[in-house]
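Examining the three-dimensional arrangement
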There are 2 protein chains.
Amino acid sequence: MTDTATTGRALPHPEREQIRLESVLHALSDPMRLQIVCELAAKEVELSCSQFDLPVTKSTSTHHFRVLRESGVIRQVYRGTAKMNGLRRDDLEGLFPGLLDSLLAAADRQAARIGDGR
Amino acid sequence: MTDTATTGRALPHPEREQIRLESVLHALSDPMRLQIVCELAAKEVELSCSQFDLPVTKSTSTHHFRVLRESGVIRQVYRGTAKMNGLRRDDLEGLFPGLLDSLLAAADRQAARIGDGR
DNA sequence: CTCGTAGTACGAGGGGTATCGTACGAGCCT
DNA sequence: AGGCTCGTACGATACCCCTCGTACTACGAG
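Remember, it's a predicted structure, so these values are computed and weren't measured experimentally. (Residues numbered from 1 in each chain as written. Chains lettered and ligands numbered in written order. Predicted model: local features only at pLDDT ≥ 70, side-chain atom pairs only at ≥ 80, totals over all residues. Heavy atoms only, no water.)

1. Points about the protein's contact with DNA strand C
Under the convention used in this document: Near residues are defined by distance, with any heavy atom within 4 Å of the molecule or strand qualifying the residue. Within 3.5 Å is the distance limit for a polar contact, defined as a pair of N or O atoms, with the added protein rule that one can donate a hydrogen and the other accept it, and that residues adjacent in sequence qualify only through two side-chain atoms.
Around DNA strand C, the surrounding shell holds 25 residues, and the nearest of these are H63 and H64 of chain A together with K58, T62 and K83 of chain B. Take the atoms of DNA strand C that sit within 4 Å of the protein: sugar and phosphate atoms are 68% of them. In the model, a base oxygen of DNA strand C is placed 2.9 Å from a nitrogen or oxygen of the S59 of chain A side chain. H63 of chain A is positioned such that a nitrogen or oxygen atom in its side chain is 2.8 Å from a phosphate oxygen of DNA strand C.

The structure is reproduced here in structure tokens:
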């Protein structure tokens, strides 16, 4: 009915105060999840799970997105059959100022380093 | 012989270029290791393993220090029977500018938040 | 040399996790 | 309604990791 109708039931997210640094770091310590977060940050818009071209099956993909959500890194919302994913920039910035940007920059840097065969 | 004699055999460390962001994040995603790194950063000097008051046995302690070393977060050197630990600030800063400081600040912030019962 | 201290090596136990396959549910489109 | 697509749930498998205990090595002090 509304413009950006979010159908379906809601998904459990940790409150901002419940986000633990260790959990965030653990979530990002997996290459697959780090890549997801990088793409999400680069595109700057919410993306559905299926828009990521991950080299794993759907089940595994679901698993990784859940880890990211439960650690507080991303926010997930149903829109029709699609599940939209967005970075929790504000919450992370409020809790750990500058951390997300440093992490994204570090990931980009490493990707460039590897990409150039260095 | 030299002034700060480092006796014993050398320990394997990853070269700067071999340090992987994922490994660093994984190393720091353990509360015990994060605490170690925080203390190391706060003291600003090399510390022997036994100077940390960790709530685990010696074996476990050894394990955590090794993970930190092998991921490139710390540098370890024998000095007599003691093993001195130092943060690899320069290498990490060269690879991932600003990341270490953001991480340490985040850890401090979270510790303060928890310490104040918030 | 003997003893004590610092740390290691190795193996075991217990829990977590990354992956998959298959079967299922929830919305859209015709 | 029927079918399609997106994502979930569940179990299985294999691996990794935190922890410990015990036995061991390396170095320094007396």
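Read on for the rest.
2. So, the pairing of strand β2 (residues 74-79) of chain B
Residue and element names in this part refer to chain B. Formally: Categorising residues by exposure relies on relative accessible area from a 1.4 Å probe, with only protein chains included: less than 20% of the type maximum marks a residue as buried, more than 50% marks it as exposed, and the intermediate range marks it as partly exposed. In this text, helices come from DSSP runs of H or I with a minimum length of four residues, and strands from runs of E with a minimum of two, each type numbered from the N-terminal end. When DSSP finds at least two bridges between two strands, those strands are taken to pair.
Of the two faces of β2, only the one carrying I74, Q76 and Y78 is buried; R75, V77 and R79 on the other face are not. Sheet topology note: the β2/strand β3 (residues 82-87) ladder contains six bridges and is antiparallel. Note that in β3 the partner of I74 across the bridge is L87. In this antiparallel pair of consecutive strands, β2 and β3, the connection spans two residues, and G80 shows a positive phi of 70 degrees.

3. Here's the deal with the relation of the copies chain A and chain B
In plain terms, the rule: Alignment of copies: least-squares fit on C-alpha atoms of residues with pLDDT of at least 70 in both copies. Should any heavy atoms of two residues lie within 4.5 Å, those residues are counted as being in contact.
When chain A is brought onto chain B, the operation consists of a screw motion whose angular component is 180 degrees and whose axial shift is 0.0 Å, with 0.1 Å RMSD remaining. Such a turn and shift between the copies fits a two-fold axis. The residues that chain A uses at the interface reappear at the interface of chain B in 100% of cases, marking a shared surface.

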